[in-house]
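As a plain string of letters, each chain reads:
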Amino acid sequence: MTTVFTILFDGVAYGMLLFVLACGLAVTLGLMNFVNLAHGAFAMAGGYVCAVLVNNQGWPFFAALPLAFLVSAAIGASLERTLYRHLYTRSHLDQVLFSVGLVFMSVAVVDYIMGSSRIFIKLPSALEGQFDLFGVGIGRYRLMIIVICGLLTIALQLILSRTRFGSRLRAAVDDPRAAIGLGINVPQVFAFTFAFGCGLAGLGGALSAEILGLDPYFPLKFMIYFLIVVTVGGSSSMTGPFLASLLLGIGDVAGKYYVPKMGPFVIYTIMIAILIWRPNGLFGRGAAR
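Below, the structure is looked at part by part.

Reading guide: rules and limits
- Residues numbered from 1 in each chain as written.
- Predicted model: local features only at pLDDT ≥ 70, side-chain atom pairs only at ≥ 80, totals over all residues.
- Heavy atoms only, no water.
- Helix = DSSP H or I, 4+ residues; strand = E, 2+ residues; numbered from the N terminus.
- Buried < 20%, exposed > 50% of the residue type's maximum accessible area, 1.4 Å probe, protein only.
- Contact = heavy atoms within 4.5 Å.
- 1 Å grid on protein atoms, 1.4 Å probe; cavity = no way out; pocket = protein on both sides within 12 Å on 5 of 7 lines; lining within 4 Å.
- Points joined across faces, edges and corners; volume = space filled by probe spheres on them.
- Nonpolar A, V, L, I, M, F, W, Y, C, P; charged D, E, K, R; others polar.
- Expected span 1.5 Å × (residues − 1).
- Pairing = 2+ DSSP bridges.
- Phe/Tyr/Trp six-rings, centres within 6.5 Å; stacked < 30°, edge-to-face > 60°.
- Salt bridge = Lys/Arg side-chain N within 4 Å of Asp/Glu carboxyl O.
- Axes fitted to C-alpha atoms, helices over the stretch in contact; angles between N-to-C directions.
- Parallel < 35°, antiparallel > 145°, perpendicular 65-115°, else oblique.
- Left-handed = near helix turned anticlockwise from the far one by under 90°.
- Polar contact = N/O pair within 3.5 Å; in protein donor to acceptor, adjacent residues only side chain to side chain.

**A look at the environment of A191**
Position of A191 relative to the elements: it lies in helix α8 (residues 186-212). On the accessibility criterion, A191 (14% relative accessible area) is buried. For A191 and V27, which are 164 residues apart along the polypeptide, the C-alpha to C-alpha distance reads 12 Å. If we skip the residues at most four places from it in the chain, A191 touches E80 and R81.

Next up, the structure:
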């Protein structure tokens, strides 16, 4: 039982991390109907900003996290205004090709500037190690991730479902012409939403650097994980990707523990089984948009 609870704890922490990394893609794909496969590049940007500030400049870890969010959001906002906005009405194939091209460009730029070595972020001593709770080893850093990601999940769900901005975003996506007629500044709503999603990716990249490691190929290595979370959960709400992240995180950790030789394939097996059962994802809409 101790092993089971340890796997559950580590799986929940990993799942929460996957959700924060992927929820920005869930926003742009599910709510804005835009396929941004360069989402991992913004996560990488946030991770490197945090790593440089903490490792090289001596910043406190918790002080560097907000800046990782803001820098990634600023990069996303500038690219949205100059490049992405011209692709909103284009086909998904055009969006995929464009965003994949950005991924390879970001990999080359980061490899040239930062080098190809994998780096980790120096954590404060309070977050290192673990403590025992009823015989279960609780990692301090993973517990912090669960708390932060849980609060972010609740805040994001409330913003999208209970605020005026969330209503304006849904209206802008469902019928842009009607939304403009009602006085909603659709380009501004899209720009803010895209920047916010990129900021969340950057925050996730900063939080994940210690667990997943950080190198120039980060966007390519974890692109499939972001897509699996959104595909399995469904892109019509935040609830689906959140539950999918937890399910996939626990399944991945359990698979690597119990069947280490086949561990990496467990997450794909779960994906296939769920999509056979529910082709549109756990909370997907019945009809394609």
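**Some thoughts on empty space enclosed by the protein**
With the rule as written, the count across this model stands at one cavity of 30 Å³ or more. Its volume calculated, the largest cavity comes out at about 40 Å³. Taken together, F19, V20, C23, L152, T153, L156 and L200 form the lining of the largest cavity. Those elements giving two or more residues to the lining of the largest cavity turn out to be α1 (2-31) and α5 (140-162). Across the lining of the largest cavity, the residue classes break down as six nonpolar, one polar and no charged.

**Things to note about helix α9 (residues 218-233)**
For α9, spanning 16 residues, the distance from its first C-alpha to its last is 23 Å, which sits close to the expected 22 Å at 1.5 Å a residue. Every buried residue of α9 is accounted for by F218, P219, F222, M223, Y225, F226, I228, V229, V230, V232 and G233. The positive-phi residue at the C-terminal boundary of α9 is G234, with phi of around 90 degrees.

**Structural notes on the pairing of strand β2 (residues 136-139)**
Here β2 shows a buried face lined by V136 and I138 and a second buried face lined by G137 and G139. With four bridges joining them, strand β1 (residues 130-133) and β2 adopt antiparallel strand pairing. By the bridge assignment for β2, F131 is matched with I138. Taken together, β1 and the strand that follows it, β2, pair antiparallel across an intervening segment of two residues, in which F134 is found at a positive phi of about 55 degrees.

**A look at helix α4 (residues 92-114)**
With 23 residues, α4 should cover 33 Å at 1.5 Å per step; its first-to-last C-alpha distance of 32 Å lies within 8% of that length. Listed as buried for α4 are Q95, S99, L102, V103, S106, V107 and V110. Those residues of α4 that are buried lie in contact with α2 (39-56) and α9. Just past α4, the residue G115 takes up positive phi, approximately 90 degrees.

**Notes on the packing of aromatic side chains**
Applying the stated criterion to the full structure yields 16 aromatic pairs. Taking 6.2 Å as the distance between ring centres and 90 degrees as the angle between the ring planes, the aromatic pair formed by F42 and F194 counts as edge-to-face. Taken together, the residues span a long stretch of sequence, with F42 in helix α2 and F194 in helix α8 at a distance of 152 residues. In this structure F42 comes out as buried when scored by relative accessible area, which is 4%. Ring geometry for Y257 against Y258: centres 5.0 Å apart, planes inclined by 90 degrees, an arrangement best described as edge-to-face.

**Side note on the environment of P124**
Within the secondary structure, P124 is located in the loop between α4 and β1. Distance in space between the C-alpha atoms of P124 and L207 is 13 Å, their sequence separation being 83 residues.

**Some thoughts on the pattern of salt bridges**
Where charged atoms from two side chains of opposite charge approach closely, those side chains can pair. The final tally for this structure, using the stated rule, is six salt bridges. Between D215 and R118 there is a salt bridge, with its nearest N and O atoms 3.6 Å apart. Of the two residues, D215 sits in the loop between α8 and α9 while R118 sits in the loop between α4 and β1, which places them 97 residues apart along the sequence. Looking at R118, the relative accessible area reads 46%, which means it is partly exposed.

**Topic: the packing of helix α6 (residues 164-174) against α8**
The N-to-C vectors of α6 and α8 enclose an angle of 115 degrees; their axes lie 10 Å apart at closest approach. The pairing of α6 with α8 is recorded here as roughly perpendicular in orientation. In terms of crossing hand, the pair formed by α6 and α8 is left-handed. Seen from α6, the contacting residues are F165, L169, A172 and V173; seen from α8, they are V186, V189, F190, F192 and T193.

**Concerning the side chain of S72**
With respect to the helices and strands, S72 occurs in helix α3 (residues 61-82). Among the polar contacts listed, one links the side chain of S72 to the backbone oxygen of A68, at a separation of 3.0 Å. Look past the residues within four positions of S72 in its chain and what remains in contact with it is F42, A45, G46, C198, G199 and G202.

**Observations concerning the packing of α5 against α8**
For the pair α5 and α8, interaxial distance at closest approach is 11 Å and the crossing angle is 170 degrees. Classed by the angle they form, the pair α5 and α8 counts as roughly antiparallel. Of α8, the residues touching α5 (which contributes Y141, R142, M144, I145, I148, C149, L152 and L156) are F196, L200, L203, A206, L207, E210 and I211.

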